[in-house]
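Each chain, written out:
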Amino acid sequence: MSQPVPAPARFLASAEPGTRVVVRYRIEGGLTDALGHLLACDAGSCTVRTRQADVVIPLGLVVAAKEVPPAPPRRAATH
């Protein structure tokens, strides 16, 4: 009998590439978040493009995931 797929992994698998998401996942010593655009998701991992880099996250480490609204416009630097 197969294990049920956790809800966050189901969400990521069904989300359209390009959707802006936040993904919380386990790392050594705790949890961290990846905020950005979903690039891809397969049976084993998802890839999120953050401001710093493309982050590949094993689905087995994901504890939460959801769609988030577009980023607010960046404010112009004041001198």
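Residues numbered from 1 in each chain as written. Predicted model: local features only at pLDDT ≥ 70, side-chain atom pairs only at ≥ 80, totals over all residues. Heavy atoms only, no water.

A. Examining the side chain of S45 more closely. In this structure, S45 sits in strand β3 (residues 45-49). With a relative accessible area of 19%, S45 lands in the buried category. Excluding anything up to four places from it in sequence, S45 contacts A40, V56, I57, P58 and L59. (Helix = DSSP H or I, 4+ residues; strand = E, 2+ residues; numbered from the N terminus. Buried < 20%, exposed > 50% of the residue type's maximum accessible area, 1.4 Å probe, protein only. Contact = heavy atoms within 4.5 Å.)

B. A look at the pairing of strand β4 (residues 54-58). Bridge count between β3 and β4: five bridges; the pairing is antiparallel. Note on β4: the bridge partner recorded for S45 is P58. In this structure, the hairpin formed by β3 and β4 is closed by a connection of four residues. (Pairing = 2+ DSSP bridges.)

C. Expanded view of the pattern of salt bridges. Under the definition given, this model contains two salt bridges. The residue D33 makes a salt bridge to R24 at a minimum N-O spacing of 2.7 Å. When its relative accessible area of 38% is taken as the criterion, R24 is described as partly exposed. (Salt bridge = Lys/Arg side-chain N within 4 Å of Asp/Glu carboxyl O.)

D. Spatial organisation of the sheet that holds strand β1 (residues 20-27). Strand order in the open sheet made by the five strands is β4-β3-β2-β1-β5, with antiparallel pairing throughout. Only two strands of the sheet have a single neighbouring strand rather than two, namely β4 and β5 (62-67). Averaged over neighbouring strand pairs, the angle between their axes works out to 40 degrees when direction is ignored. Of the strand pairs in this sheet, strand β2 (residues 30-41) and β3 are connected by four bridges, and their pairing is antiparallel. Residue pairing for β3: H37 is matched across the bridge by R49. Sheet strands touched by helix α1 (residues 7-14): β1, β2, β3 and β5. Its angle to β5, the strand with the most contacts, is close to 45 degrees. (Axes fitted to C-alpha atoms, helices over the stretch in contact; angles between N-to-C directions.)

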